[in-house]
Amino acid sequence: MGNQQVIESVNVNFSRTDVPRMDVGDTVSVHCRIIEGQKERIQVFQGVLIGRAGRGVSEMITVRRVVEDHGVERIFPLLSPKVAQIDVVRRGDARRAKLYYLRDRAGKSRRLRDRRRGMKHVAGLPIGEMPSPVPASSGESKGDAKKK
Amino acid sequence: MGVSLLGTKIGMTRTFTSDGASVPVTVLRLGPCVVTQIRDSEKDGYSAVQIGFGEVKARNSSIPLIGHDAKAGSSPRRHHREFRVSPEEAAKFTLGQELTVKDFEGATYVDVIGTSKGKGFQGVMKRYHFKGMFASHGTERKHRSPGSIGGLCSNRGYGGGLKKGKRMAGRMGDERVTVRSLDVVRIDAENGLMLVKGAVPGANRGVVMVRGAVRLNRSKARKLGGKK
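Being a predicted model, the structure only gives us computed values, none of them experimental.

Enquirer: Teacher, can you tell me more about the overall build of chain B here?
Expert: Summing up its helical and strand segments, chain B has five helices and twelve strands in all. In terms of overall dimensions, chain B is more spread out than a globule: its C-alpha atoms have a radius of gyration of 23 Å, far above the 17 Å expected for 228 residues. If one aligns the C-alpha atoms of chain B with their principal axes, the spans along those axes are about 70 × 55 × 35 Å. Out of the 228 residues belonging to chain B, those deemed buried represent 35%. In chain B, the proportion of contacts linking residues at least 24 apart, taken out of those at least 6 apart, comes to 69%. Carbon together with sulfur atoms contributes 50% to the accessible area of chain B, which is approximately 13,800 Å² in total. Taken as two groups, the 41 positive and 19 negative side-chain charges of chain B have centres that lie 12 Å from each other.

Rendered as structure tokens:
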């Protein structure tokens, strides 16, 4: 076993399967466990995923949201036990790996397009999946285009 | 406990505690080591245990060393180290005995000894953390220099010359470094792995020696005292 495999094997028990497929530009909500004394509660932090870094057990995601005109960025270790759950709320279209330019944006320009580049993806669908059966009207138009 | 083990540094990663804190850890693969010689105070003037670690092809070893290892019933070993034990403890070891990471089970803190990465010829700012000279205020071409190296000193004597051991530029790194009182995060006896908290000297794949913590710093000693 090579060194890298040993290191990965050390952290096997931290791998988790409930992390959804998500890409930079998506809006995600991160449910984090917060322990106050004896009580534990879940706090949800929802914002745009502006970057991913690291891999394996060290993978971190940067989530940015704007609260009362103040940008707030939180960096979560993806596999931390403190992260209870991650949901993808909306798929966004990003053309780069790190969306740091969003920090300089204000107002409407802060929004990202829905991901439906080339009609291959329909909003709300997981990225890897094929789109659901094409609605009749668009299907016809597609067929027409091919014929022509 | 009094056991030391040889092993290799695998690399660094992180783990999480049950309450979610991230812990930086170094993965070490320790042993199996073989007791190749037991020094006793009558014959050798001190009592210690010598261990061998790592396989080496016989043709890459030397005849005396092969014979030395064979005396302990062991195949040729690449690395040999000794660790001191009291005569009573030395009696507990037998020649050819195999030592594994299991012998560290229950240990809370360990010391790790390794050879630091070589840095080559370095100036005093990097090597000894000198402050250097001003960046401006008229400083020219002396920004990283050590400044004055003279001055009065007790062992200078007459006729000038510098104090012995004056810190100057030179070779840095590639020397024995001990990191004391590292937390043992986990021991995986099955795979011979030990996870210690924090960094360990040397490059990945470098040989390290691990011993039970010899002298704890105050906060860790207190922690351990509280546990008992």
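Let's pick the thread back up.
Enquirer: How should I be thinking about the environment of B:Thr36 in this particular structure?
Expert: Residue and element names in this part refer to chain B. Counting through the fold element by element, Thr-36 comes out in strand β3 (residues 33-39). Spatially, the C-alpha atom of Thr-36 lies 22 Å from that of Asp-111, the residues being 75 residues apart in sequence. In this view, Thr-36 contacts Gln-50, Ile-51, Gly-52, His-68, Asp-69, Ala-72, His-80 and Leu-95; residues no more than four positions away in its chain are not counted.

Enquirer: I would appreciate a short explanation of the environment of B:Ser181 in the present structure.
Expert: Residue and element names in this part refer to chain B. Counting through the fold element by element, Ser-181 comes out in strand β10 (residues 176-188). With a relative accessible area of 2%, Ser-181 lands in the buried category. With residues near it in sequence (within four places) discarded, Ser-181 still touches Tyr-109, Val-110, Asp-111, Ala-213, Arg-215, Leu-216, Asn-217 and Lys-220.

Enquirer: Quick question: what am I supposed to make of the interface of chain A and chain B here?
Expert: One frequently used descriptor of interface size is the decrease in accessible area upon assembly of the parts. Counting residues at the interface gives 15 residues for chain A, matched by 18 residues for chain B. Across the interface of chain A and chain B, roughly 1,400 Å² is buried in total on both sides, 62% from carbon and sulfur atoms. Summed over the three residues of chain A that lose the most area to chain B, namely A:Asn3, A:Ile7 and A:Val10, the buried surface amounts to 37% of that side. Between chain A and chain B we count zero salt bridges in total. Looking at the side of chain A that touches chain B, the element that brings in the most residues is helix α1 (residues 3-10) of chain A, giving four residues.

Enquirer: Looking at this structure, how should I read α1(A)?
Expert: Along an α-helix, residues three or four apart share an orientation, since each turn contains 3.6 residues. Within α1(A) the residues assigned to the buried category are A:Asn3, A:Val6, A:Ile7 and A:Val10. All buried residues of α1(A) lie within an arc of 100 degrees about the axis, which places them on one face of the element. On its buried face, α1(A) sits against β1 (4-16), β2 (22-30), β10 and β11 (193-197) of chain B.

Enquirer: For this particular structure, what's the right way to read the domain arrangement of chain B?
Expert: By domain assignment, chain B separates into domain 1 (4-119 + 172-223) and domain 2 (124-171). The gap between the C-alpha centroids of domain 1 of chain B and domain 2 of chain B is 38 Å.

What counts as what
Residues numbered from 1 in each chain as written. Chains lettered and ligands numbered in written order. Predicted model: local features only at pLDDT ≥ 70, side-chain atom pairs only at ≥ 80, totals over all residues. Heavy atoms only, no water. Helix = DSSP H or I, 4+ residues; strand = E, 2+ residues; numbered from the N terminus. Rg over C-alpha atoms; globule rule 2.2 N^0.38 Å. Buried < 20%, exposed > 50% of the residue type's maximum accessible area, 1.4 Å probe, protein only. Contact = heavy atoms within 4.5 Å. Areas by Shrake-Rupley, 256 points an atom, 1.4 Å probe, with all protein chains shown as cover. Lys, Arg positive; Asp, Glu negative; His and termini not counted. Charge placed at Lys NZ, Arg CZ, Asp CG, Glu CD. Buried area = accessible area lost by both parts, 1.4 Å probe. Salt bridge = Lys/Arg side-chain N within 4 Å of Asp/Glu carboxyl O. Arc of directions from axis to C-beta. Domains from an automatic or database assignment.

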